[in-house]
Amino acid sequence: MRHLPYFCRGEVVKGFGRGSKELGVPTANFSEQVVESFPSDISTGIYYGWACVGSGDVHKMVLSIGWNPFYKNTKKSVETHIIHTFKEDFYGEILSIAIIGYIRPERNFDSLDALIAAIQEDIEEAKRQLDLPEHLKLKEDNFFHLPGGKIVNNH
Ligand SMILES: Cc1cc2nc3c(=O)[nH]c(=O)nc-3n(C[C@H](O)[C@H](O)[C@H](O)COP(=O)(O)O)c2cc1C
Ligand SMILES: Nc1ncnc2c1ncn2[C@@H]1O[C@H](COP(=O)(O)OP(=O)(O)O)[C@@H](O)[C@H]1O
Ligand SMILES: [Mg+2]
């Protein structure tokens, strides 16, 4: 995909509160401004990459871009599930992500359990992919060590 790797940072805002409660998978949602700044031709779907909150450690992540067809959202969202257990929520903080690879398109599902199972498979796939040397090296990218700000895809 021509936009990858895609580097981006922005504020974490409130979503519908479903990630943790219904799916057992919290997702840090980007603000509308960040969602609108994405290239319009970046495909919706599920991706993997690296993420860090504020100036914290860099962790593996899975990302969902789109309208969440299972929930029929009317606004596009960009949501990151960081594969790490945090002690506290981090609403209002700056999340930095490097989107590296595509996993699959967004889908509708017959049941909540089927959606949860698909997300768990995505997490396993992300963990495997990110252990590959060519993907591991992006964890050390300077992007994650730059002071917070507006640097997005080197602009
Ligand atoms: C790895 C991953 C895969 C996802 N796949 C789908 C999907 O195929 N279809 C869908 O409708 N939503 C998908 N979602 C999005 C969830 O529906 C969404 O994160 C959830 O509704 C939480 O939304 P909230 O942050 O507004 O609470 C996925 C989320 C993640 C993290
Ligand atoms: N591992 C994690 N990945 C993403 N967000 C997390 C994680 N652990 C805690 N959180 C917190 O949970 C929030 C997301 O939970 P979620 O249920 O999706 O709520 P919302 O609908 O408001 O996005 C994030 O904004 C963040 O503050
Ligand atoms: Mg969320």
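Note that the coordinates shown come from a computational prediction; the quantities given were computed from them, not determined experimentally.

Rules and cut-offs
Residues numbered from 1 in each chain as written. Chains lettered and ligands numbered in written order. Predicted model: local features only at pLDDT ≥ 70, side-chain atom pairs only at ≥ 80, totals over all residues. Heavy atoms only, no water. Donors = N, O, S within 2.8 Å, 3.2 Å for Na, K, Ca; no water. Tetrahedral: all angles 85-135°; square planar, octahedral: opposite > 155°, others 65-115°. Buried < 20%, exposed > 50% of the residue type's maximum accessible area, 1.4 Å probe, protein only. Helix = DSSP H or I, 4+ residues; strand = E, 2+ residues; numbered from the N terminus. Near = heavy atom within 4 Å. Polar contact = N/O pair within 3.5 Å; in protein donor to acceptor, adjacent residues only side chain to side chain. Areas by Shrake-Rupley, 256 points an atom, 1.4 Å probe, with all protein chains shown as cover.

1. A look at the coordination of the magnesium ion (ligand 3)
Distances from the magnesium ion (ligand 3) to its protein donors, T27 (O), T27 (OG1) and N29 (OD1), fall at 2.1 to 2.2 Å. Around the magnesium ion (ligand 3) sit six donor atoms; with metal-centred angles ranging over 79 to 170 degrees, the donor geometry is octahedral. Owing to a relative accessible area of 11%, N29 belongs among the buried residues under this scheme.

2. Here we look at the environment of G17
On the secondary structure map, G17 appears in the loop between β1 (6-13) and α1 (18-23). Given a relative accessible area of 42%, G17 falls into the partly exposed group. Each C-alpha atom of the pair G17 and T27 lies 9.0 Å from the other, and the pair is 10 residues apart in sequence.

3. Re the site of ligand 1
Surveying the vicinity of ligand 1 reveals 23 residues, the closest of which are R18, F70, E79, R104 and R107. Here an oxygen atom of ligand 1 and a side-chain polar atom of N29 are 2.9 Å apart. A distance of 2.7 Å is found between a nitrogen atom of ligand 1 and a backbone nitrogen or oxygen belonging to R107. A total of 630 Å² of accessible area belongs to ligand 1 in isolation, and the protein chains cover 99% of it.

As far as function goes, none of this settles anything; it's purely spatial.
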